[in-house]
Amino acid sequence: MFPDYKRYGVMWMARKPLASAYDMSGAFNNVSLTLTQGANEQDVIDRLDDILKDYGGIGAYARKDQLSNRFLSEELKQQKTIATIFPIIFFGVAAFLLNVVVSRLISLQREQIAGLKAFGYSDFDVGLHYTKLVLMIVSLGIVIGIVAGIKMGQGMSNIYMTLYSLPFMTYVLKPQVIVTAALISMSVVRSAARLPPAQAMRPEPPAIYHSTLVEKLGLQHWFSQPSRMILRHIERRPLKSLLTTLGISMACGTMMTGGFQEGAINHMVEVQFGMSRTGDLTVIYTEPTSARSLYSLQSLQGVEHAEAFRYVPVNLRFEHRSYRTAVSGIPPRGELMRLLDANLTIIDVPEHGVILTDYLAELLQIRPGDMLTLEVLEGQRPTVQVPVVGTAKEYLGVSAYMQRSSLNRLLKEGEAITGAWLSVDDRYQKEVYAELKGMPRIAGVVEQKSAIRAFYDTIAESVLFFTFISTLLGGSIAFGVIYNSMRIALSERNRELDSLRVLGFQRGEVAYILLGELALLTLVAIPLGLLLGYGLCAFMAFQFDTDLYRIPLVLGINVYAFAALVVIASSIISAIMIWRNLAHLDMVAVLKTKE
C-alpha cells in the first residue's frame, strides 16, 4: 500500500539462471495465462483451481482482480467521477453568465435590432449577428481552455506516471467537451432573433414593482428605505437572484472538495496507523514458524515490545456470496494491533468467533450471530465454520480477525505464527532493521514510519494539484458570478442610480443599494454552498468506497472557513472594482432625459 523505494524493489532476470541459483529447474510459483476468444473466464479459473489444488495453488484470479490493476482502475474510476461532476458545475455557471451577458446586451440594443429589422433584415440575419458574437467569445475561451487544459492534463499524467511507476501515459484531448460548451453557449441568441420590430422600436417596458414579502408581513419599519429597495429588486427578478445564489454556492461547494480529500487522507492514516496498527516494524516470515521464534526478535537490542500474528489466506463464504482475503490471528488486548469500532473505540477480540471489517460484512451481507464458512487456502486446506461476533472499522483493505490461539486450534496446528509487529527504540531502528534483513526465514521487513512518509511524499503532489484545481475553479466561478452580476446590475440600473444621486443620495448610499443586493445574495449563498459542498463531498466519498480503501467523510472547520473566505474575498474584490465605476455616474445625462 505504501511504496518505500529506499528499501523495496522488484528485480527481473532470466528464468533459467534464477532457477539454477535456487536449484528449482523446471519449477514455477506463478503462471500467467491468456484466454482464447470466447472462453469463459470463470470456467477457466475453476478448472485451474482444481488442477493446482494438489500442488499448493492458492487460487487463480482474473486480471481485473489483480491488486495493481485494481488500484489503478479504482483511481481512474475516481477521476472519471470528478471529471463528471466538475464540468457540469462549471459549464452550468458559464452558460448562465454568458446568457445573462448576451441577454443584457440584446436588451440594450433594442433600437438597433428594430432598425435592422425595419430595413428588411430577417430573424436569421439578426440571430447570426449575435451568434458570431457568442462564437467569438466562446472561441477565445476555447483557445485559452485548450492550452490550459493540455498543460494541466499533461501535469496530471506525469503525476500518475510517478505515482504508479508507469512507463508512459498519453494525454488525450476529447473534442466532445468543446462542442458541448459551444452548443450550450449559443442557445442564448434566440432571444434576439425572436424580438419583433415593432416591439423593439419601443423603449423597454418599465419595471413593475409590488409590495415585498417584508411589507406584506408589516416588517417594513425595521428596514431603511434603501434596504427595502434592495429587497424589492430581488423579489422583482427572483429567477436571476436564484441563479446568482446557486452560482455562488456552487463555487463555495467546489472549493470544499480539495480540502476534503486532504483531510480524509490524513484521517485515514491517523486511524489506521496511529490508533490501530502502532508498531514500528512488521516482520514477515517465509512460512509459518513456531511462536518460539518471537524470543529471538525480542532479544534484539532496541526492541521494546513484540507481538506475533498468524496470517492465513482464506475464501470466505456466506450463502451464495464469497470473498477471497485473509484471516489474521492476533493476540487479545494487544498493544501494537488494536481493532476499533465505528466510534474508534478499542474492541477486545473474543476467544471464539471472528470479527470482520465493516465493509467486508456489507459485501457478504452478514451480521453478528451468523455462521461464516472459511475455506483455508494453505496447508491441509480445511473448510470450517465460525460465528461472526462483531465488526471493526478499517479504511484500508478488508480482512477478518480472530485470536491467534483460536485460529491455531481451528487449523489443528501448534503455536504457529506468520510474522510479528515490533515496537523499536528510535535510536536503534536502523540497526534492528539491518539485523532482521540478515536473518534466515524472514521474507521481508516493513518500516512503518518510512513507508507512511514515502506515501505522503508520493501523494502530496497529486493532492496539492487537485486542491489547486478545485480552488482555482471555485475562485473563478465565485468571482465570475459576483463581478458579472454587479456589472450587469450597474448597467441595468445606471439611470436609476444617476437619478438617486440627483435627488441627493450620497455615493455611499447608492453603493449600498447596488452592492447590498449582491452582499445579501452572497450571505445567503455561503451556507447553501457549504451544505452543497458537504453533499458533494459525501457523494464523492460514497463513489470512492471500494474493498481496497474507503474515503471517510471528514470535514474540518478549516475546510468550511477556507471556502467561505474565498467567496467573501471574491465579493470584496468585485465590490472594490464596481465602487470605482460609481464615481463616474453621469447625472447630467439624467437631467436631459425627456421624462
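An account of the accompanying structure is given in this report. (Residues numbered from 1 in each chain as written. Predicted model: local features only at pLDDT ≥ 70, side-chain atom pairs only at ≥ 80, totals over all residues. Heavy atoms only, no water.)

The next thing to look at is the overall build of the chain. Across its full length, the chain holds 20 helices and 11 strands. In the chain, which comprises 595 residues, the proportion classed as buried is 42%. Of all intrachain contacts in the chain linking residues separated by at least 6 positions in sequence, the fraction that spans at least 24 positions is 80%. Here the chain displays about 33,600 Å² of accessible surface, and carbon together with sulfur accounts for 60% of that area. (Helix = DSSP H or I, 4+ residues; strand = E, 2+ residues; numbered from the N terminus. Buried < 20%, exposed > 50% of the residue type's maximum accessible area, 1.4 Å probe, protein only. Contact = heavy atoms within 4.5 Å. Areas by Shrake-Rupley, 256 points an atom, 1.4 Å probe, with all protein chains shown as cover.)

Evaluation of the coordinates by the stated rule reveals two aromatic pairs. Relative to Tyr483, the ring of Phe479 lies with its centre 5.5 Å away and its plane at 5°, an arrangement referred to as stacked. Here Phe479 and its partner Tyr483 are both found in helix H16 (residues 448-492), four residues apart, which amounts to about one turn of the helix. Using a relative accessible area of 30% as the deciding quantity, one classes Phe479 as partly exposed. (Phe/Tyr/Trp six-rings, centres within 6.5 Å; stacked < 30°, edge-to-face > 60°.)

So, on to the pattern of salt bridges. Considering all chains together, one arrives at 11 salt bridges under this definition. Note that Arg277 is salt-bridged to Glu394, the shortest N-O span being 3.9 Å. Taken as a pair, Arg277 in the loop between helix H11 (238-276) and strand E1 (281-290) and Glu394 in the loop between strand E8 (383-392) and strand E9 (400-403) lie far apart in primary sequence, 117 residues in all. Judged by its relative accessible area of 26%, Arg277 falls in the partly exposed class. Measuring nitrogen to oxygen at the nearest pair gives 2.7 Å for the salt bridge that ties Glu378 to Arg310. With Glu378 in the loop between strand E7 (371-376) and E8 and Arg310 in strand E2 (residues 303-318), the pair connects residues that are 68 residues apart, well separated along the chain. With a relative accessible area of 24%, Glu378 lands in the partly exposed category. The exposure class of Arg310 is buried, given its relative accessible area of 2%. One network of salt bridges, with partners in common, ties together Arg310, Glu378 and Glu413. (Salt bridge = Lys/Arg side-chain N within 4 Å of Asp/Glu carboxyl O.)

This model, assessed by the stated rule, comprises one cavity of 30 Å³ or more. Lys240, Ser241, Thr244, Ser485, Ala489, Glu517, Leu518 and Leu521 together form the lining of the largest cavity. Put simply, the parts of the chain that give the lining of the largest cavity at least two residues each are H11, H16 and helix H18 (507-544). The class makeup of the residues in the lining of the largest cavity is three nonpolar, three polar and two charged. (1 Å grid on protein atoms, 1.4 Å probe; cavity = no way out; pocket = protein on both sides within 12 Å on 5 of 7 lines; lining within 4 Å. Points joined across faces, edges and corners; volume = space filled by probe spheres on them. Nonpolar A, V, L, I, M, F, W, Y, C, P; charged D, E, K, R; others polar.)

Before going further, it helps to examine the pairing of strand E3 (residues 321-330). Within E3, eight of the 10 residues are buried, which leaves it mostly tucked inside the rest of the structure. Sheet topology note: the E2/E3 ladder contains nine bridges and is antiparallel. Note on E3: the bridge partner recorded for Asn315 is Arg324. For E3 and E9, the ladder comprises four bridges, and the chain directions are parallel. Residue pairing across strands places Ser328 opposite Tyr401, the latter belonging to E9. (Pairing = 2+ DSSP bridges.)

Among the surface-exposed residues, Leu239, Leu242, Leu243, Leu246, Leu528 and Leu531 lie close enough to one another that they form a single nonpolar patch of about 520 Å² accessible area. Those elements giving two or more residues to the nonpolar patch turn out to be H11 and H18. Of the residues forming the nonpolar patch, the biggest block, four residues, is contributed by H11. The residue Leu242 is located in helix H11 in this model. For Leu242, a relative accessible area of 46% puts it in the partly exposed group. (Patch = residues over 30% accessible without salt bridge, like charges linked within 9 Å, V, L, I, M, F, W, Y side chains within 5 Å.)

Ranked by internal contacts, the top residues of the largest apolar core, which has 52 residues, are Phe260 and Met540. For this core, the elements supplying multiple residues, two or more each, are helix H3 (67-108), H11, H16, H18 and helix H19 (557-582). The contact partners of Met540, leaving out residues within four places of it in the chain, are Ile82, Ile85, Thr257, Phe260 and Phe466. In terms of nonpolar packing, the next biggest core, distinct from the first, is built from 24 residues, Val314, Ala361, Val376 and Ala400 among them. (Core = buried A, V, L, I, M, F, W, Y, C linked by side-chain atoms within 4.5 Å.)

The next thing to look at is helix H10 (residues 225-236). Helix length check: H10, at 12 residues, gives a terminal C-alpha distance of 16 Å against a target of 16 Å (1.5 Å per residue), a fit within 8%. For H10, the tally of buried residues reaches nine of 12 residues, placing the bulk of the element in the interior. Within the span of H10, buried status applies to Pro226, Ser227, Arg228, Met229, Ile230, Leu231, Arg232, His233 and Ile234. (Expected span 1.5 Å × (residues − 1).)

This part takes up the pairing of strand E10 (residues 416-424). Of all nine residues in E10, nine are buried; the element is thus mostly enclosed. With six bridges joining them, E2 and E10 adopt antiparallel strand pairing. Across the sheet, residue Glu307 finds its bridge partner in E10, namely Trp421.

So, about helix H2 (residues 41-52). Counting along an α-helix, one turn takes 3.6 residues, and residues three or four places apart therefore face a common direction. The terminal C-alpha atoms of H2 lie 17 Å apart, and with 12 residues this matches the ideal 16 Å at 1.5 Å per residue to within 8%. Where H2 begins, the side chain of Asn40 points an oxygen toward the backbone nitrogen of Gln42, at a separation of 3.1 Å. (Polar contact = N/O pair within 3.5 Å; in protein donor to acceptor, adjacent residues only side chain to side chain.)

This brings us to unusual backbone geometry. Within the chain, Gln365 stands out as a residue other than glycine whose phi angle is a positive 55°. Looking at where Gln365 falls in the secondary structure, it is placed in the loop between helix H13 (358-364) and E7. A positive phi is found at Lys412, a non-glycine position, where the angle reads about 55°. With respect to the helices and strands, the residue Lys412 is situated in the loop between helix H14 (404-410) and E10.

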